[in-house]
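In case you want the letters, here they are:
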Amino acid sequence: AANSILVYGRLATGDSAPIRTISGPATGLNGPSTLVVDKVHGELLVTNQGNNSVTVYSLTAGGNAAPIRTISGPATGLDGPQFLALTTSLPTPTFLSNLGFYRPSTSTFYLYDENHFNLVSGGPIPFGGFNIDLPVVGDWNADGDTTIGVYRPSINAFYLRNANSVGPADIA
């Protein structure tokens, strides 16, 4: 169904019905394209291409649930968001998670602070270089921090950073 999120049981197969659905006017869903689960904070994050936003819901939300918060507006840099990533820094007393998105047209990552409202210090992070690059995140050096990277399918290569900052690939 358009403008809805269907949740299926982990072991669902075949013609299984969803166990719950998020849909309706209060949800703010408008052309949802990517979904990320933040298990640390019990949240579901969704990009919306139709209104250039990211809506955040409780992980257990269902029905016509209003988002816990919405990221939108000119300062966000959101423009038809298609990719969404979540980075974490562990161990910390609060287990920080940062929301981010990647704009292929400019090869730029936009990472937000732990409240998912403000760009992290340093602002947008240009990384990659080709609009065919696909964003990836992971802990490439096993230091407990999830950082950015891109996969370039045309040459089957990964370019990975060990910090969420501007700079060349640490691993290529």
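Everything discussed here concerns the structure shown above.
Summarised in this report is the structure supplied together with it.

Scoring rules and cut-offs
Positions within a chain are numbered from 1, following the residues in the order the chain's sequence is written. Thresholds applied to this predicted model are a pLDDT of at least 70 for local features of residues and 80 or more for the giving and counting of side-chain atom pairs; totals over whole chains, interfaces and linings are not thresholded and use all residues. As a rule here, side-chain values cover all heavy atoms of the structure and leave hydrogens and water aside. Strands here are runs of E lasting at least two residues and helices are runs of H or I lasting at least four, both read from the DSSP assignment and numbered beginning at the N terminus. Residue exposure (1.4 Å probe, protein chains only): buried if accessible area is under 20% of the type maximum, exposed if over 50%, otherwise partly exposed. The criterion used for residue contact is that any of the two residues' heavy atoms lie within 4.5 Å. Computed with the Shrake-Rupley method and a 1.4 Å probe, the accessible areas treat only the protein chains shown as cover for residues. DSSP-based pairing: two strands are paired if at least 2 bridges between them are found. Helix axes are fitted to C-alpha atoms over the stretch in contact, other axes to C-alpha atoms as well, and angles between N-to-C directions run from 0 to 180 degrees. By definition, a salt bridge exists where a carboxyl oxygen of Asp or Glu is found within 4 Å of a side-chain nitrogen of Lys or Arg.

Quick notes on the overall build of the chain
Secondary structure assignment for the chain yields zero helices and 13 strands. Residues counted as buried form 38% of the 172 residues belonging to the chain. Long-range pairs, those at least 24 residues apart, make up 38% of the contacts in the chain between residues at least 6 apart in sequence. Accessible area of the chain: about 8800 Å², with a carbon and sulfur share of 56%.

Re the sheet that holds strand 11 (residues 134-138)
Remark on secondary structure: sheet strands pair via backbone hydrogen bonds, oriented parallel or antiparallel. Pairing is antiparallel across the open sheet formed by three strands, whose spatial order is 11-12-13. At either end of the open sheet lies a strand with only one pairing partner, and these are strand 11 and strand 13 (157-160). For this sheet the average axis-to-axis angle between neighbouring strands, irrespective of direction, equals 30°. Of the pairings in the sheet, the one linking strand 11 to strand 12 (residues 147-152) comprises five bridges and is antiparallel in character. Pairing of Gly 138 across the sheet is with Thr 147, part of strand 12.

Looking at the pattern of salt bridges
One pass over the full model with this rule turns up three salt bridges. Here Asp 133 and Arg 152 are joined by a salt bridge, their closest N and O atoms 2.7 Å apart. Residue Asp 133 is located in the loop between strand 10 (125-126) and strand 11, and its partner Arg 152 is located in strand 12; the two are separated by 19 residues in the primary sequence. Note on Asp 133: relative accessible area 1%, which makes it buried. Judged by relative accessible area, which is 11%, Arg 152 ranks as buried.

Some thoughts on unusual backbone geometry
Its identity as a non-glycine residue notwithstanding, Asn 3 has a phi of 55°, on the positive side. Mapped onto the elements, Asn 3 comes out in the segment before strand 1 (4-7). In this model, Asn 52 sits at a positive phi of 50°, which is unusual for a non-glycine residue. Looking at the secondary structure, you find Asn 52 in the loop between strand 4 (43-48) and strand 5 (53-58).

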